[in-house]
Amino acid sequence: MREFDDRGPEVCRIETTLDLEASNPELLDVATRCARDVGDFARIMTGFCMFYRVLAAEARGTSGAVGSLGDRSNLYLLPRVSRDTRANIVKHVVAVGSAEFTREVLGELERNNPELLQMWHHFAEDQADYIGVMQGFALLYACLLTEAAEERGALH
């Protein structure tokens, strides 16, 4: 992502973290716990923030919203993950196991967003805990996807 190159990963990570703290604290907590569990916290958290910004850019593109990727209002285009959604995802992970859960989410991504899956893979392969990083991305994606589905259902 150009923004991370131009402004620096630390600046973007801090900015995204502050935005998530205000707008999506459940998702921030998931990302923080995963980053803490898999090793180099700052580097993994930067990857999660980059992932979040890529999804925000995609949401901006599909919603017809205008603005640059660095426009912080774009981050609010993604759904706010509720405690209930997070709890339901955790229950599902416990029920099917983390390996099966990760396979399910990666399969979903392979079918619907293979470019994002490739981005995850390339980031994760440079980390000490490839599987842990991929599971973290899968958890974040599943939370956002599930919440988005819940919101769409509530609108109909």
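In the block above lies the structure referred to throughout.
On a predicted model such as this, the values are computed, not experimentally measured, just so you know.

Caption draft 1: Quick peek at the layout of surface pockets. Roughly 340 Å³ of volume is contained in the second largest pocket. When residues of the lining of the second largest pocket are traced back to their parent elements, those giving at least two are helix H3 (25-38), helix H5 (83-96), helix H6 (98-112) and helix H8 (130-155). Taken together, the residues of the lining of the second largest pocket break down into nine nonpolar, five polar and four charged.

Caption draft 2: Just the nonpolar core, in detail. Counting 39 residues, the largest nonpolar core has Leu-27, Phe-48, Phe-51, Phe-101, Leu-116, Trp-120 and Tyr-141 as the members making the most contacts within it. When residues of this core are traced back to their parent elements, those giving at least two are H3, helix H4 (41-63), H5, H6, helix H7 (114-124) and H8. At ten residues, the largest contribution of residues to this core is made by H8.

Caption draft 3: Region of interest: the pattern of salt bridges. Across all of its chains, the model carries eight salt bridges by this definition. Arg-53 serves as the salt-bridge partner of Glu-15, at 2.7 Å between the closest nitrogen and oxygen. Of this pair, Glu-15 sits in helix H2 (residues 9-23) while Arg-53 sits in helix H4, placing them 38 residues apart in sequence. Like Glu-15, the residue Arg-53 is buried in the burial classification. Here Arg-83 and Glu-26 are joined by a salt bridge, their closest N and O atoms 3.2 Å apart. Separated by 57 residues along the polypeptide, Arg-83 in helix H5 and Glu-26 in helix H3 bring together distant segments of the chain.

Caption draft 4: Structural view of the side chain of Gln-127. Positionally, Gln-127 belongs in the loop between H7 and H8. Residue Gln-127 is classed as buried on the basis of its relative accessible area of 11%. Polar side-chain contacts of Gln-127 include one of 3.1 Å to the side chain of Arg-43. Beyond its immediate chain neighbours, meaning those up to four positions away, Gln-127 contacts Arg-43, Ile-44 and Val-133.

Caption draft 5: The packing of H6 against H7, seen in detail. In the contact formed by H6 and H7, the axes pass within 6 Å of each other and the chain directions differ by 130 degrees. The angle between H6 and H7 falls in the class oblique. Packed against H6, whose contacting residues are Val-105, Leu-106, Leu-109, Glu-110 and Asn-112, the element H7 presents Pro-114, Leu-116, Leu-117 and Trp-120 at the interface. Residue composition of the contact of H6 with H7, by class: seven nonpolar, one polar and one charged.

Basis of the calculations
- Residues numbered from 1 in each chain as written.
- Predicted model: local features only at pLDDT ≥ 70, side-chain atom pairs only at ≥ 80, totals over all residues.
- Heavy atoms only, no water.
- 1 Å grid on protein atoms, 1.4 Å probe; cavity = no way out; pocket = protein on both sides within 12 Å on 5 of 7 lines; lining within 4 Å.
- Points joined across faces, edges and corners; volume = space filled by probe spheres on them.
- Helix = DSSP H or I, 4+ residues; strand = E, 2+ residues; numbered from the N terminus.
- Nonpolar A, V, L, I, M, F, W, Y, C, P; charged D, E, K, R; others polar.
- Core = buried A, V, L, I, M, F, W, Y, C linked by side-chain atoms within 4.5 Å.
- Buried < 20%, exposed > 50% of the residue type's maximum accessible area, 1.4 Å probe, protein only.
- Salt bridge = Lys/Arg side-chain N within 4 Å of Asp/Glu carboxyl O.
- Polar contact = N/O pair within 3.5 Å; in protein donor to acceptor, adjacent residues only side chain to side chain.
- Contact = heavy atoms within 4.5 Å.
- Axes fitted to C-alpha atoms, helices over the stretch in contact; angles between N-to-C directions.
- Parallel < 35°, antiparallel > 145°, perpendicular 65-115°, else oblique.

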